[in-house]
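# Remarks on the overall topology
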Amino acid sequence: MEAADYEVLSVREQLFHERVRECIISTLLFATLYILCHIALTHFKKPAEFTTVLLYPGPETALTTGAPGPGDADDEDATVNKIALELCTFTLAVALGAVLLLPFSIISNEVLLSLPRNYYIQWLNGSLIHGLWNLVFLFSNFSLIFLMPFAYFFTESEGFAGSKKGVLARVYETVVMLTLLTLLVLGMVWVASAIVDNNKASRESLYDFWEYYLPYLYSCISFLGVLLLLVCTPLGLARMFSVTGKLLVKPRLLEDLEEQLHCSAFEEAALTRRICNPTSCWLPLDMELLHRQVLALQTQRVLLEKRRKASAWQRNLGYPLAMLCLLVLTGLSVLTVAIHILELLIDEAAMPRGMQGASLGQVSFSKLGSFGAVVQVVLIFYLMVSSVVGFYSSPLFWGLRPRWHDTAMTQIIGNCVCLLVLSSALPVFSRTLGLTRLDLLGDFGRFNWLGNFYIVFLYNAAFAGLTTLCLVKTFTAAVRAELIRAFGLDRLPLPVSGFPRASRKTQHQ
């Protein structure tokens, strides 16, 4: 009896140490992501919103009115913005964790296959991976439903009328607004569930807030995120070629840096003359706008000088290799989706499904072994970057693009929400397109629409069709434009189909 009790205690102690080890590893990983996201947001925030201006009223005004001075209001706004920034940092860290979730699981499975009994990787097991999936799911729900609405209402609140001003008054107003919003969303989801699935059991299940309501609400949000990825990713795949072309130095056949430098110098000289002689023009001049244009031209000229000093290897080898890599990755993505469409028609096992137990280290998730797993990870990251590029390139979200040291707090909140929606839908997006054979772990596999064959099949077909259409249109147009500019046909007075004719002023120059 004593030996049995000792064995039970040893098993419990081992389980306790494993849980503590998993908590420590998860905390260290999240702390690393949090620090990286905090550094990134610090470079995009507007410094004026976080600066405290110490201005105090005169002693007579303070004694007679008892009202706080303007310095107190600035200090209060700065405190509110700092709290909101920390909430945004937490949300962005969760979004980055959702992006790394699927690649980390794939790499961990290959490591466990290669080194099954290695002492130094005993901490890497299925329980840790499953716990990370559950934590990302929990924090995604918490950030989307509570933290981000709280941060937005907190920055926009001023306290109830008649109450004493301060941070605490803003907290009271924000809590009331968040409670009303939660009740509104809860009622809308309950009604939507009753309309879609008119079943008594499904309606009663929504009374269980934790087990059914939050996963159901997150399923709706994830479905919207997957639809957003369906629109943004093909657009981003087409835009990646032009974005990469702006970052790299093109060969001299495709780019004339000397001409761009001369044009930039002429424009800067013209603006400088207008600033020095503001009375020489009949129309009133916006001096602040002119100064910003001059600074932009100077920055552009510095970048052009750096690109002109690039070596011949960077100019003639870097740009073609980058374009070739983008073309190969895009072709692999479309080919993988096309093969998955055929598998959906033949094999029912190709349908995405959930897996409650993380059985890692048993079989590879790719037919090509470790090399195929690396290709899967690269494709997942490539599609995520392309979706972000397509998201900020779309006209609907163009104004949401963050600016260096000039992004308002409400704009930061909007960016964090959108990035979290995109990144939390990435595991479902990747599994739906067949980029990996890893089944969705935890609550990610509980989405009802994943078992619908028609939705999954139409989603794959729409992705392949939109991506092919965007690539054909963009690539052919880009090739025509570069060839016309390289041979100088854009300066001819003859109109060229699909390209704007140069103005008369440019022609005379």
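Here the structure is a predicted model, which means the values were calculated and not measured. (Residues numbered from 1 in each chain as written. Predicted model: local features only at pLDDT ≥ 70, side-chain atom pairs only at ≥ 80, totals over all residues. Heavy atoms only, no water.)

Let's shift gears to the overall build of the protein chain. Along the protein chain, the regular secondary structure elements total 15 helices and 2 strands. When contacts within the protein chain are restricted to residue pairs at least 6 apart in sequence, those whose partners lie at least 24 apart make up 78%. Of the roughly 29400 Å² that the protein chain leaves accessible, carbon and sulfur atoms contribute 68%. (Helix = DSSP H or I, 4+ residues; strand = E, 2+ residues; numbered from the N terminus. Contact = heavy atoms within 4.5 Å. Areas by Shrake-Rupley, 256 points an atom, 1.4 Å probe, with all protein chains shown as cover.)

Residues Phe 160, Leu 168, Tyr 172, Val 176, Met 177, Leu 180 and Leu 183 make up a contiguous nonpolar surface patch of about 690 Å² in total accessible area. Among the structural elements, Tyr 172 can be located in helix α5 (residues 167-196). Given the relative accessible area of 48%, Tyr 172 is considered partly exposed. (Patch = residues over 30% accessible without salt bridge, like charges linked within 9 Å, V, L, I, M, F, W, Y side chains within 5 Å. Salt bridge = Lys/Arg side-chain N within 4 Å of Asp/Glu carboxyl O. Buried < 20%, exposed > 50% of the residue type's maximum accessible area, 1.4 Å probe, protein only.)

Taken N-terminus to C-terminus, the directions of helix α4 (residues 126-156) and helix α12 (residues 409-424) make an angle of 170 degrees; their axes are 10 Å apart at the nearest point. When the axes of α4 and α12 are compared, the pair comes out roughly antiparallel. Of the residues in α12, those touching α4 at Ser 140, Ser 143, Leu 144, Met 148, Ala 151, Tyr 152, Thr 155 and Glu 156 are Met 409, Thr 410, Ile 413, Cys 416, Val 417, Leu 420, Val 421 and Ser 424. (Axes fitted to C-alpha atoms, helices over the stretch in contact; angles between N-to-C directions. Parallel < 35°, antiparallel > 145°, perpendicular 65-115°, else oblique.)

Now for the confidence of the model for the protein chain. A low pLDDT means the predicted coordinates there should not be read in detail. The share of residues in the protein chain with pLDDT of 70 or more is 71%, and the mean pLDDT across the chain is 76. Residue range residues 494-509 is modelled with pLDDT below 50. Its contacts to residues more than four positions away, or to other chains, number 17 contacts. (pLDDT = per-residue confidence, 0-100.)

Between side chains of opposite charge, pairing is possible as soon as their charged atoms come close. Evaluation of the coordinates by the stated rule reveals 2 salt bridges. With a shortest N-O distance of 3.9 Å, Arg 19 and Glu 22 are connected by a salt bridge. Within this pair, Arg 19 and its partner Glu 22 are both found in helix α1 (residues 2-44), separated by 3 residues, close to a single helical turn. Here Arg 437 and Glu 343 are joined by a salt bridge, their closest N and O atoms 3.1 Å apart.

Another point: the packing of helix α11 (residues 370-393) against α12. Contact geometry of α11 with α12 gives a least axis separation of 11 Å together with a crossing angle of 140 degrees. With respect to α12, the axis of α11 lies oblique. Here the hand of the crossing between α11 and α12 comes out right-handed. Together, Met 384, Val 388, Phe 391 and Tyr 392 of α11 and Asn 415, Cys 418, Leu 419, Leu 422 and Ser 423 of α12 make up the contact between the two elements. Class assignment of the residues belonging to the contact of α11 with α12 gives a composition of 7 nonpolar, 2 polar and no charged. (Left-handed = near helix turned anticlockwise from the far one by under 90°. Nonpolar A, V, L, I, M, F, W, Y, C, P; charged D, E, K, R; others polar.)

Let's shift gears to the side chain of Glu 22. Here Glu 22 falls in the buried class, since its relative accessible area comes to 11%. Residues in contact with Glu 22, not counting those within four places in the same chain, are Asn 125, Ser 127 and Leu 128.

So, on to the environment of Ile 412. Checked against the element boundaries, Ile 412 lands in helix α12. On the accessibility criterion, Ile 412 (3% relative accessible area) is buried. Beyond its immediate stretch of four places on either side in the chain, Ile 412 contacts Leu 41, Lys 45, Cys 88 and Thr 407.

Helix length check: α12 (16 residues) gives 22 Å between terminal C-alpha atoms against 22 Å at 1.5 Å per residue, within 8%. Counting buried residues in α12 gives 14 out of 16 residues, a clear majority hidden from the surface. (Expected span 1.5 Å × (residues − 1).)

Looking now at the nonpolar core. With 86 residues, the main nonpolar core has Cys 88, Trp 133, Phe 429, Phe 444 and Phe 463 as its most contacted residues. Broken down by element, the residue count for this core peaks at 16 residues, all from helix α3 (residues 70-114). Not counting the four nearest positions on each side in its chain, Trp 133 is found in contact with Leu 101, Leu 102, Ser 105, Pro 427, Leu 438, Leu 440, Leu 441 and Phe 444. (Core = buried A, V, L, I, M, F, W, Y, C linked by side-chain atoms within 4.5 Å.)

As a further point, take the environment of Ala 84. With respect to the helices and strands, Ala 84 occurs in helix α3. On the basis of relative accessibility, which here comes to 0%, the residue Ala 84 falls in the buried class. Along the chain, Ala 84 and Thr 155 lie 71 residues apart, while their C-alpha atoms are 7.2 Å from each other. Excluding its chain neighbours within four sequence positions, the residues that come into contact with Ala 84 are Ala 151, Thr 155 and Met 409.

Attention now moves to the environment of Ser 423. Counting through the fold element by element, Ser 423 comes out in helix α12. As for Ser 423 and Leu 229, which are separated by 194 residues in sequence, their C-alpha atoms are 9.4 Å apart. Discounting chain neighbours no more than four positions away, the residues touching Ser 423 are Ala 95, Ala 98, Val 99 and Met 384. A polar side-chain atom of Ser 423 sits 3.3 Å from the main-chain carbonyl oxygen of Ala 95. In terms of polar contacts, Ser 423 uses its side chain to reach the backbone carbonyl oxygen of Leu 420, at 3.2 Å. (Polar contact = N/O pair within 3.5 Å; in protein donor to acceptor, adjacent residues only side chain to side chain.)

Below, the discussion takes up the packing of aromatic side chains. Summed over the entire model, instances satisfying the criterion amount to 14 aromatic pairs. A centroid spacing of 5.4 Å and a plane angle of 75 degrees characterise the contact between Phe 44 and Trp 404, whose relative ring orientation is edge-to-face. Of the two residues, Phe 44 sits in helix α1 while Trp 404 sits in the loop between α11 and α12, which places them 360 residues apart along the sequence. Look at Trp 404 and you get exposed, because its relative accessible area is 56%. (Phe/Tyr/Trp six-rings, centres within 6.5 Å; stacked < 30°, edge-to-face > 60°.)

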